[in-house]
Amino acid sequence: MDLAPLTPLYERPGPWASAYLDTSFADEATLSRRELKGRQISEELAAQGADEETCRAVRRAIGSYAYGQTPGRAVFAAHGEVVFEPVLALPPPDESSAVWGPLPHVAPLPELTPDEPGTLVVGSTGPAPTSHSVRPPAAAPRARSRAATRPPPTGPSATSS
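So, how was this worked out
Residues numbered from 1 in each chain as written. Predicted model: local features only at pLDDT ≥ 70, side-chain atom pairs only at ≥ 80, totals over all residues. Heavy atoms only, no water. Helix = DSSP H or I, 4+ residues; strand = E, 2+ residues; numbered from the N terminus. Salt bridge = Lys/Arg side-chain N within 4 Å of Asp/Glu carboxyl O. Buried < 20%, exposed > 50% of the residue type's maximum accessible area, 1.4 Å probe, protein only. Phe/Tyr/Trp six-rings, centres within 6.5 Å; stacked < 30°, edge-to-face > 60°.

**Observations concerning the environment of Pro-110**
Right, so step 1: Secondary-structure assignment places Pro-110 in helix α4 (residues 109–112).
Right, so step 2: Residues Pro-110 and Leu-88, spaced 22 residues apart in sequence, show a C-alpha to C-alpha distance of 9.7 Å.

Spelled out as structure tokens, the structure:
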């Protein structure tokens, strides 16, 4: 995983809001779902102690995402400003998650971007992040989209070809 895009996360002091969101689906309820998800994640962050400006910035970012075009998005914000918004190659295992903490919560990124070599960001005491490579075992299960885990259709339309 290329760590260069993560540099702004470690050049600024925390605390940080980190959120992961499944954006893989789009339907007639997408607009209301996007608004609801933004509000939910903002409230989760506020309950964990996030300041109002940062919660608002995360909510605005989530409200701007297009659904059905990418599997997922992550958003990292501090001090009322969104700093990094990567597109994910896989949707997060939970429909969404939010973490407020002294450092950005980047640990899920290697698993959600499997096209990149596995890398775990360990931390930093200087101006740049430090890391070491981690390769998952060959048999380790990877995150899959909901569509890949749905049972096959049944009934007359499923058998007619």
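Once you've had a look at it, read on.
**Comments concerning the pattern of salt bridges**
Right, so step 1: Under the definition given, this model contains 4 salt bridges.
Right, so step 2: Residues Glu-95 and Lys-37 are paired through a salt bridge, measuring 3.6 Å at the closest nitrogen-oxygen approach. Here Glu-95 is found in the loop between β4 (87–88) and β5 (96–101), whereas its partner Lys-37 is found in helix α2 (residues 30–47), with 58 residues between them in sequence.
Right, so step 3: Relative accessible area serves as the criterion here: at 31%, Glu-95 is assigned to the partly exposed category.
Right, so step 4: The salt bridge involving Glu-52 is made with Arg-56; its shortest N-O contact spans 3.3 Å. One end of the pair, Glu-52, and the other, Arg-56, are both in helix α3 (residues 52–64), 4 residues apart, so they sit about a helical turn from each other.
Right, so step 5: Overall, the relative accessible area of 56% leaves Glu-52 in the exposed class.

**A look at unusual backbone geometry**
Right, so step 1: The linkage connecting Gly-14 with the following residue, Pro-15, adopts the cis geometry, with an omega of 5°.
Right, so step 2: Inspection of the secondary structure assignment puts Pro-15 in the loop between α1 (7–11) and β1 (16–22).
Right, so step 3: Despite not being glycine, His-79 shows a phi value in the positive range, around 55°.
Right, so step 4: With respect to the helices and strands, His-79 occurs in the loop between β2 (72–78) and β3 (81–84).
Right, so step 5: Residue class for His-79 comes out exposed when judged on its relative accessible area of 52%.

**Digging into the packing of aromatic side chains**
Right, so step 1: A full pass over the atoms with the stated rule returns 3 aromatic pairs.
Right, so step 2: Aromatic side chains Tyr-20 and Phe-76 sit 6.0 Å apart centroid to centroid with 90° between the ring planes, which places their arrangement in the edge-to-face category. A residue pair is termed long-range when its members are at least 10 positions apart, and Tyr-20 in strand β1 and Phe-76 in strand β2 qualify at 56 residues. The pair Tyr-20 / Phe-76 is uniform in exposure class, with both members buried.
Right, so step 3: Following the ring pairs from residue to residue traces out a cluster consisting of Tyr-20, Phe-76 and Phe-84.

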